[in-house]
Amino acid sequence: MPIAMLAKAPAAGLRLAEVAEANRPTQLPLLARIAEMLATSESVTHLLVRGSLASGTADRLSDVDFVVGVQDRDLPAFTTALDDLMTIAGGALLPGWRDAIVADLGGVGFVYLVQHEGKLHQIDVYLAPASRISTIKGQTAAMVLLERPSAGITTTHIGQARHHLADLQGRPRTCTELLIEHLVLAVLLHKRIQRGQRFVAYAEWHRLHTATKDLIKAALAPTSRFWGWYRLREEVALTPIGRTCLADLDAAISSPAVPEAADVDAALNRVLELTRRACPHALDGLADAVAAYRTYMEMA
């Protein structure tokens, strides 16, 4: 679906005042802008906002968390177009990270880093087939911003949406996607550290190390027959580059179990150098975005 096709339907009817009544967070203008943008697509049947912005407990670090209902038949094309929509029209710094943390609600989540008032904000966009939205509303304490009638949903459309989601979730991540995962996780980790959320920081720190392992394997052992960390040294340490990458990974897993901000910054520096060494193509088209990202991180 070309990006031009996402701007046909009017965005009127968004119930943004309900969010404003719940709280007056600094993210409200950003939420309104992204919601208006998403609502212009005739494929979008529902816009929900959930999390702290919906419950009135948001702080200055809170992310903007959307559930977007999409016509089942349009879900594959909308998913393909989402990165362009978010980066060109939404101001996202990087393509979205396919969220591996969000609970499975029958859709797929993406995390975007969007520039707003001189800071990077986390925008979570969870795409779900329109046929799943009534169930999702019952599973979450989400606030409805927009609700439109769905087109005739057939069993064929539902099957196509499910097949698309299964393919997307099962596809191996590329080096570029794994680099973006590191960049997003670094933002999340800085947020956990500032909030004192040590248990969550521990979990996301381990996920970052796993992403580093996955990046090394994707770059240097893409046809590996072994799962996870098994036989990693035997597969990777066959070349000088491989041995250097494993030394980087060893430094990562030898760091404290719960990181400080300086540990996260050091890990990110290692990963960027590892990427330049082992899979420089992952930076193609991202060099300016990564430079801007680092500037924002230094200002945070």
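Predicted, not measured: the structure shown is a model, and the values here were computed from it.

(A) Just the sheet that holds strand β6 (residues 143-147), in detail. Pairing in this open sheet of 6 strands is mixed, and the strands run β3-β4-β5-β2-β1-β6 from one edge to the other. A single partner strand is all that each edge strand has here, and the edge strands are β3 (97-98) and β6. In the sheet, strand β1 (residues 44-50) pairs with β6 via 4 bridges, with the strands oriented antiparallel. Within β6, the position partnered with Leu 48 by the bridge is Val 144. Strands β1, β2 (64-70), β4 (108-116) and β5 (119-129) of the sheet are contacted by helix α4 (residues 75-89), whose axis makes an angle of about 170° with β5.

(B) Local environment of the pairing of β2. The buried fraction of β2 is high, at 7 of 7 residues. Residues Val 64, Phe 66, Val 68 and Val 70 point to one face of β2 and Asp 65, Val 67 and Gly 69 to the other, with burial holding for every one of them. Pairing analysis gives 6 bridges linking β1 to β2, with the strands arranged antiparallel. From the neighbouring strand, Arg 50 faces β2, where its bridge partner is Asp 65.

(C) Quick look at the pattern of salt bridges. Applying the stated criterion across every chain yields a total of 9 salt bridges. In this structure, Arg 277 engages Asp 248 in a salt bridge whose closest nitrogen and oxygen atoms are separated by 2.9 Å. Linking Arg 277 in helix α11 (residues 261-278) with Asp 248 in helix α10 (residues 240-253), this pair joins segments that are 29 residues apart in sequence. Taking the shortest distance from any N to any O, the salt bridge between Arg 276 and Glu 273 comes out at 3.8 Å. Pair noted here: Arg 276 and Glu 273 are both in helix α11, with a separation of 3 residues, about one helical turn. Assessed through its relative accessible area of 42%, Arg 276 is described here as partly exposed.

(D) Spotlight on the packing of helix α7 (residues 175-195) against helix α12 (residues 287-299). Orientation of α7 relative to α12, taken along the N-to-C sense of each, is 5°, at an axis distance of 12 Å. The angle between α7 and α12 falls in the class roughly parallel. Residues Leu 183, Ala 186, Val 187 and His 190 of α7 form the contact with α12, whose own contacting residues are Val 290, Tyr 293 and Met 297. Of the residues assigned to the contact of α7 with α12, the class counts are 6 nonpolar, 1 polar and no charged.

(E) The side chain of Asp 248, seen in detail. Assessed through its relative accessible area of 14%, Asp 248 is described here as buried. Here the side chain of Asp 248 touches Arg 277 through a polar contact of 2.9 Å, side chain to side chain.

(F) Region of the structure containing α11. For α11, which comprises 18 residues, the first-to-last C-alpha distance of 26 Å matches the rise-based estimate of 26 Å (1.5 Å per residue) to within 8%. The inward-facing, buried residues of α11 abut α7, α8 (198-220), α10 and α12.

(G) A look at the packing of aromatic side chains. The full count for this structure, using the stated rule, is 1 aromatic pair. Measuring from centroid to centroid gives 5.7 Å for Phe 226 and Tyr 230, while their planes differ by 65°, and the two rings are edge-to-face. Owing to a relative accessible area of 54%, Tyr 230 belongs among the exposed residues under this scheme. Over the face of the ring belonging to Tyr 126 we find Arg 50, whose NZ or CZ atom lies 5.8 Å from the ring centre.

(H) Just the nonpolar core, in detail. Judged by nonpolar contacts, the single largest core of 43 residues is most densely connected at Leu 94, Leu 113, Val 184, Leu 215 and Tyr 293. Elements with a contribution of two residues or more to this core: β4, α7, α8, α9 (232-236), α10, α11 and α12. The greatest single-element share of this core, amounting to 11 residues, is contributed by α7. Those residues in contact with Tyr 293 that sit more than four places away from it in its chain are Leu 93, Leu 113, Leu 120, Leu 183, Ala 186, Val 187 and Leu 268. Residues Ile 34, Ala 39, Val 70 and Phe 78 belong to the second largest nonpolar core, which totals 36 residues.

(I) Focus on the packing of α8 against α11. In contact at an axis separation of 11 Å, α8 and α11 are set at 5° when each is read in the N-to-C sense. For the element pair α8 / α11, the angle class is roughly parallel. On α11, the residues touching Trp 205, Leu 208, Thr 212, Leu 215, Ile 216, Ala 219 and Leu 220 of α8 are Asp 263, Val 264, Ala 267, Val 271, Leu 274, Thr 275 and Ala 278.

Rules behind the numbers
- Residues numbered from 1 in each chain as written.
- Predicted model: local features only at pLDDT ≥ 70, side-chain atom pairs only at ≥ 80, totals over all residues.
- Heavy atoms only, no water.
- Pairing = 2+ DSSP bridges.
- Helix = DSSP H or I, 4+ residues; strand = E, 2+ residues; numbered from the N terminus.
- Contact = heavy atoms within 4.5 Å.
- Axes fitted to C-alpha atoms, helices over the stretch in contact; angles between N-to-C directions.
- Buried < 20%, exposed > 50% of the residue type's maximum accessible area, 1.4 Å probe, protein only.
- Salt bridge = Lys/Arg side-chain N within 4 Å of Asp/Glu carboxyl O.
- Parallel < 35°, antiparallel > 145°, perpendicular 65-115°, else oblique.
- Nonpolar A, V, L, I, M, F, W, Y, C, P; charged D, E, K, R; others polar.
- Polar contact = N/O pair within 3.5 Å; in protein donor to acceptor, adjacent residues only side chain to side chain.
- Expected span 1.5 Å × (residues − 1).
- Phe/Tyr/Trp six-rings, centres within 6.5 Å; stacked < 30°, edge-to-face > 60°.
- Lys NZ or Arg CZ within 6 Å of the ring centre and 35° of its normal.
- Core = buried A, V, L, I, M, F, W, Y, C linked by side-chain atoms within 4.5 Å.

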